[in-house]
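Fold and geometry: a report
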Amino acid sequence: MPMDQNRTLTGTVLRIERTSIHDGQGLRTVLFLKGCPLECRWCSTPESQGFQPEKGYMSERCTGCGTCVQACPSQAITIPQGSPGIIIDQTKCKDCFVCVDKCPKGALKKYGNTMSVEQVMKEICKDEIFYFHSGGGITISGGEPLSQPGFVAEILRQCRSLGIHTAIETSLYAPWESIEKILPWLDVLYVDIKHMDGGLHKQWVGADNETILCNLGKVDGTKYPLEIIVRIPMIPGVNDTDTNLMQAVQFCSSLKKLKDIELLPYHRLGTDTYRHLGREYSLKDLLPPSRDRISERKEYVAKLLKE
Ligand code: SF4
Ligand code: SF4
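Residues numbered from 1 in each chain as written. Chains lettered and ligands numbered in written order. Predicted model: local features only at pLDDT ≥ 70, side-chain atom pairs only at ≥ 80, totals over all residues. Heavy atoms only, no water.

Describing the site of ligand 2
Of all residues adjacent to ligand 2, which total 13 residues, the nearest are Cys62, Cys65, Gly66, Cys68 and Cys103. Counting atoms within 2 Å of the grid points, the majority share of ligand 2 lands in the largest cavity. Of the residues that constitute the shell around ligand 2, the class distribution is 8 nonpolar, 4 polar and 1 charged. (Near = heavy atom within 4 Å. 1 Å grid on protein atoms, 1.4 Å probe; cavity = no way out; pocket = protein on both sides within 12 Å on 5 of 7 lines; lining within 4 Å. Sits in = over half its atoms within 2 Å of the grid points. Nonpolar A, V, L, I, M, F, W, Y, C, P; charged D, E, K, R; others polar.)

Points about the state of the cysteines
The tally for this structure, following the rule as stated, stands at 0 disulfides. The structure places no disulfide on Cys125, whose sulfur is separated from the nearest cysteine sulfur, that of Cys159, by 7.0 Å. (Disulfide = S-S within 2.5 Å.)

Observations regarding the nonpolar core
Core analysis: the biggest nonpolar cluster contains 50 residues, and Ile124, Ile140, Ile155, Ile182 and Leu183 have the highest contact counts within it. With 6 residues, the top contributor of residues to this core is helix α6 (residues 149-161). If we ignore the near neighbours within four places in the chain, the residues touching Ile124 are Tyr131, Ile138, Ile155, Cys159 and Ile164. Of all hydrophobic cores here, the second largest spans 15 residues; its members include Leu38, Trp42, Trp204 and Tyr266. (Core = buried A, V, L, I, M, F, W, Y, C linked by side-chain atoms within 4.5 Å. Buried < 20%, exposed > 50% of the residue type's maximum accessible area, 1.4 Å probe, protein only. Helix = DSSP H or I, 4+ residues; strand = E, 2+ residues; numbered from the N terminus. Contact = heavy atoms within 4.5 Å.)

Comments concerning the environment of Gly85
Here Gly85 is to be found in the loop between β4 (77-78) and β5 (87-88). A relative accessible area of 9% means that Gly85 is categorised as buried. Once residues lying within four places of it in the same chain are set aside, the contact partners of Gly85 are Tyr57, Cys62, Thr78, Ile79 and Pro80.

A closer look at the site of ligand 1
Taken together, Lys55, Cys72, Pro73, Ser74, Ile77, Ile88, Cys93, Lys94, Asp95, Cys96, Phe97 and Cys99 are the residues near ligand 1. Placement of ligand 1 is best described as lying within the second largest cavity. Residue classes in the shell around ligand 1 are distributed as 8 nonpolar, 1 polar and 3 charged.

Concerning α6
With 13 residues, α6 should reach 18 Å at 1.5 Å per residue; the first-to-last C-alpha distance of 18 Å fits that figure. All of the buried residues in α6 are Pro149, Phe151, Val152, Ala153, Glu154, Ile155, Leu156, Gln158 and Cys159. After α6 finishes, the residue Gly163 shows a positive phi value of roughly 80°. (Expected span 1.5 Å × (residues − 1).)

A short note on unusual backbone geometry
In this structure, the amide linkage connecting Gly142 to the following residue, Gly143, adopts the cis form with an omega of 0°. Mapped onto the elements of the fold, Gly143 is located in the loop between β8 (137-141) and α6. Here the phi dihedral of Thr19 falls at roughly 45°; this positive angle occurs in a residue that is not glycine. Its place among the elements puts Thr19 in strand β1 (residues 10-20). One non-glycine residue, Phe97, adopts positive backbone phi at about 65°. Residue placement: Phe97 occurs in the loop between β5 and α3 (98-102). According to the relative accessible area criterion, Phe97 is buried, its value standing at 9%.

Observations concerning helix α8 (residues 198-205)
Three or more residues of α8 are buried, namely Gly198, His201, Trp204 and Val205. All buried residues of α8 lie within an arc of 135° about the axis, which places them on one face of the element. Tucked into the core, α8 has its buried residues touching α9 (210-220). Trailing α8 by a residue or two, Gly206 shows a phi angle of about 95°, which is positive. (Arc of directions from axis to C-beta.)

Here's the deal with the layout of surface pockets
Quantified by volume, the largest pocket comes out at close to 1100 Å³. Taken together, 37 residues make up the lining of the largest pocket; nearest its centre are Ser44, Thr45, Asp192, Leu264 and His267. Those elements giving two or more residues to the lining of the largest pocket turn out to be β1, β9 (165-170), β10 (188-192), β11 (227-234) and β12 (258-265). The greatest single-element share of the lining of the largest pocket, amounting to 3 residues, is contributed by β1. Within this model, the second largest pocket holds a volume of roughly 260 Å³. Along the wall of the second largest pocket there are 15 residues; nearest its centre are Lys55, Tyr57, Gln90, His276 and Leu277. Counted by class, the lining of the second largest pocket contains 6 nonpolar, 4 polar and 5 charged residues. Structurally, the lining of the second largest pocket is a two-domain feature, drawing no fewer than three residues from each of domain 1 (3-51 + 112-306) and domain 2 (56-111). (Points joined across faces, edges and corners; volume = space filled by probe spheres on them. Domains from an automatic or database assignment.)

Given below as structure tokens:
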């Protein structure tokens with residue numbers, strides 16, 4: 001593809017976070033993309049799941065002023081009599097996002113924007129000085145970054161050419177042709193293993209784990225000198241059992257590029273966002289693990305890794 005076409009290549013970006021210390025070594029800029037083919041029931045970023053930009057409504061901020069009702073060109077918004085807030089008729093809404101711009105209280109929010117590679121690179125380069133002083137770089141996360149492989153590969157390629165350290169957070173639930181595109185430009189691949197049992201994986205995540213485990217083995221067998229860090233979201237009663245953790249560690253121990261296995265304890269930070277999107281959070285009664293339980297499970301995995 002000619003260079004100027006690469007610069008105008010676009011993707012759907014959820015948000016860009018600066019100076020993160022949780023998504024890889026050093027200070028990092030994290031590019032969150034929109035769209036994911038999986039439906040993990042514990043997902044803490046439901047606003048990243050859909051592939052297109054979408055609206056959220058924070059009823060707690062709404063004063064019922066009616067500005068959005070007047071502004072909507074599709075007459076999709078009403079304030080029913082006696083109601084403290086608005087109702088959006090999704091069958092009439094054309095996703096123009098005028099209401100978001102007009103709301104004086106910030107009660108309506110747009111999740112996701114189309115950005116070109118050039119625009120993203122401008123944002124990434126603003127933090128260049130931090131990367132070089134802290135050993136940090138760029139991490140592309142999601143959603144599932146591999147759902148936008150051309151866009152991601154071009155950003156990683158340009159970062160690599162500028163000497164910026166590159167990482168991606170992925171489920172590897174993607175066609176191999178998409179994965180192949182990004183590998184030449186990648187320093188670290190963070191991959192989630194959600195469950196080793198194919199049936200339970202499908203039940204909790206919406207797809208079998210065969211593609212993921214097969215792709216992980218294939219990545220490990222490539223010539224590229226990237227590091228693999230496996231992450232296991234620790235969901236109480238779902239995948240935190242001895243058996244599942246043992247099987248995951250056994251599988252990962254055969255990977256030559258494996259640098260570490262990390263447990264990511266379940267949390268409930270995305271619960272409000274489900275409400276803002278008008279969606280039900282199906283795990284609303286599930287409590288996060290205690291500190292003691294987290295320590296015990298981490299020690300268990302560390303012990304298995306040493307065996
Ligand atoms: S996004 Fe546009 S069409 Fe939809 S409710 Fe808002 S103003 Fe109306
Ligand atoms: S403009 Fe904002 S505050 Fe006013 S009714 Fe609409 S959502 Fe509520």
